[in-house]
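# An overview of the molecular structure
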Amino acid sequence: MNTIQVDETQRELRPHGTPQFPVEINHDDLRDFQNFRVRCHWHEEFEISIVQEGQASYRLGEGEYLLSPGQGILINSRIPHTTAPCRGQAVRLLTLIVHPAFLYGSPESAIALRLIRPFQCDASLPCVPLTEELVSLFREIDQLAGERPFGYELKIKGLFCEGFFQ
């Protein structure tokens with residue numbers, strides 16, 4: 001049973017990835033979660049979720065987003081969110097969690113200051129729906145992470161940057 005442990009602010013307590021490679025990729029089945037849903041939580045990382053099977057409901061603050069197979073969403077950093085199946089369906093997800101520092105390197109870099117932070121700090125952008133092209137790109141990241149060819153970390157970083165800055 002997958003349980004998401006949170007503190008009193010609903011911040012998820014488990015780290016994602018490692019300090020050397022702050023990326024985590026999961027193949028989630030909501031039937032493996034308590035009450036068949038991902039409990040409300042938030043984290044510093046960006047989360048990309050792609051529905052592989054079933055229809056899922058994502059709640060982000062006041063908004064609700066219904067996604068079908070092949071559709072995805074990029075959830076902004078520090079946004080409380082939860083995921084549940086629609087109409088009791090079995091739901092499988094591809095979930096990629098990436099720390100912003102993986103994209104920008106130094107916190108004072110131009111990428112951090114001009115590109116990442118403005119998005120992170122925009123309360124009007126809790127999430128961004130993914131295009132088919134981005135869904136395909138994030139699936140490519142999943143495949144690279146599974147195969148782990150030489151230099152896959154750098155290839156994954158390049159693909160994340162391509163996806164975030166399109």
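Starting from 1, residues in each chain are numbered consecutively following that chain's sequence as written. In keeping with the model being predicted, local features are shown solely for residues with a pLDDT of at least 70 and side-chain atom pairs are shown and tallied solely at 80 or more, while totals for entire chains, interfaces and linings include all residues. Side-chain measures were taken over the full set of non-hydrogen atoms in the model, leaving aside hydrogen atoms and water.

## Observations concerning the pattern of salt bridges
Between Lys or Arg on one side and Asp or Glu on the other, a salt bridge is scored when a side-chain nitrogen of the former is within 4 Å of a carboxyl oxygen of the latter. Scanning the model with the defined rule gives six salt bridges in all. A salt bridge links D7 to R11; the shortest N-O distance between them is 3.4 Å. Think of it in three bands: residues with accessible area under 20% of the maximum for their type are buried, residues over 50% are exposed, and the middle band is partly exposed, with areas taken using a 1.4 Å probe on protein chains only. We classify R11 as partly exposed; its relative accessible area is 33%. Salt-bridge contacts for R14 lead to E24; the nearest nitrogen and oxygen are separated by 3.0 Å. Of this pair, R14 sits in the segment before β1 (23-29) while E24 sits in strand β1; the two residues are ten residues apart in sequence, bridging distant segments of the chain. Here a strand is any run of E in DSSP of at least two residues, a helix any run of H or I of at least four, and the numbering for each starts at the N terminus.

## What to know about the side chain of E47
Along the chain, E47 turns up in strand β3 (residues 46-53). Buried E47, no salt bridge; nearest opposite-charge side chain is R14, N-O distance 8.6 Å. Here a polar contact means two N or O atoms within 3.5 Å. Within protein one must be a hydrogen donor candidate and the other an acceptor candidate, and residues neighboring in sequence count only if both atoms are side-chain atoms. Among the polar contacts listed, one links the side chain of E47 to the side chain of H43, at a separation of 2.9 Å. Note on definitions: a residue-residue contact is assigned when non-hydrogen atoms from the two residues lie within 4.5 Å. Ignoring sequence-local partners within four residues, the contact set of E47 consists of H41, I73, L74, I75, H81, T95, L96 and I97. Only four residue types enter the charge count: Lys and Arg as positive, Asp and Glu as negative, with His and the chain ends excluded.

## Considering the packing of helix α3 (residues 132-147) against helix α4 (residues 152-164)
Two elements in contact, α3 and α4, have axes separated by 10 Å at closest approach and are oriented at 170°. Taken as axis vectors, α3 and α4 run roughly antiparallel relative to one another. For the pair α3 and α4, the sense of crossing is left-handed. Contact with α3, carried on its side by L134, L137, F138, E140, I141, L144 and A145, involves Y152, K155, I156, L159, F160, E162 and G163 of α4 and no other residues of that element. Residue composition of the contact of α3 with α4, by class: ten nonpolar, one polar and three charged. In this description, a line fitted to the C-alpha atoms serves as the axis of each element, helices being fitted only across the stretch in contact, and the angle between N-to-C directions of two axes falls anywhere from 0 to 180 degrees. Here the word oblique covers every angle except those under 35 degrees (roughly parallel), over 145 (roughly antiparallel) and from 65 to 115 (roughly perpendicular). Note on convention: near helix rotated counterclockwise from far helix by under a right angle means a left-handed crossing. Clockwise means right-handed. Note that Gly is not counted as nonpolar here; it falls among the polar residues with everything else outside the nonpolar set of Ala, Val, Leu, Ile, Met, Phe, Trp, Tyr, Cys and Pro and the charged set of Asp, Glu, Lys and Arg.

## Section: the sheet that holds β1
DSSP-based pairing: two strands are paired if at least 2 bridges between them are found. One open sheet holds the five strands; their spatial order is β1-β8-β3-β6-β9, and the pairing between them is antiparallel. Where the open sheet ends on each side, the last strands, each with one partner, are β1 and β9 (127-129). Pairs of neighbouring strands in the sheet enclose a mean axial angle of 15°, with direction left out of account. As paired strands, β1 and strand β8 (residues 92-98) are joined by seven bridges and run antiparallel to one another. Following the sheet pairing, V23 is matched in β8 by V98.

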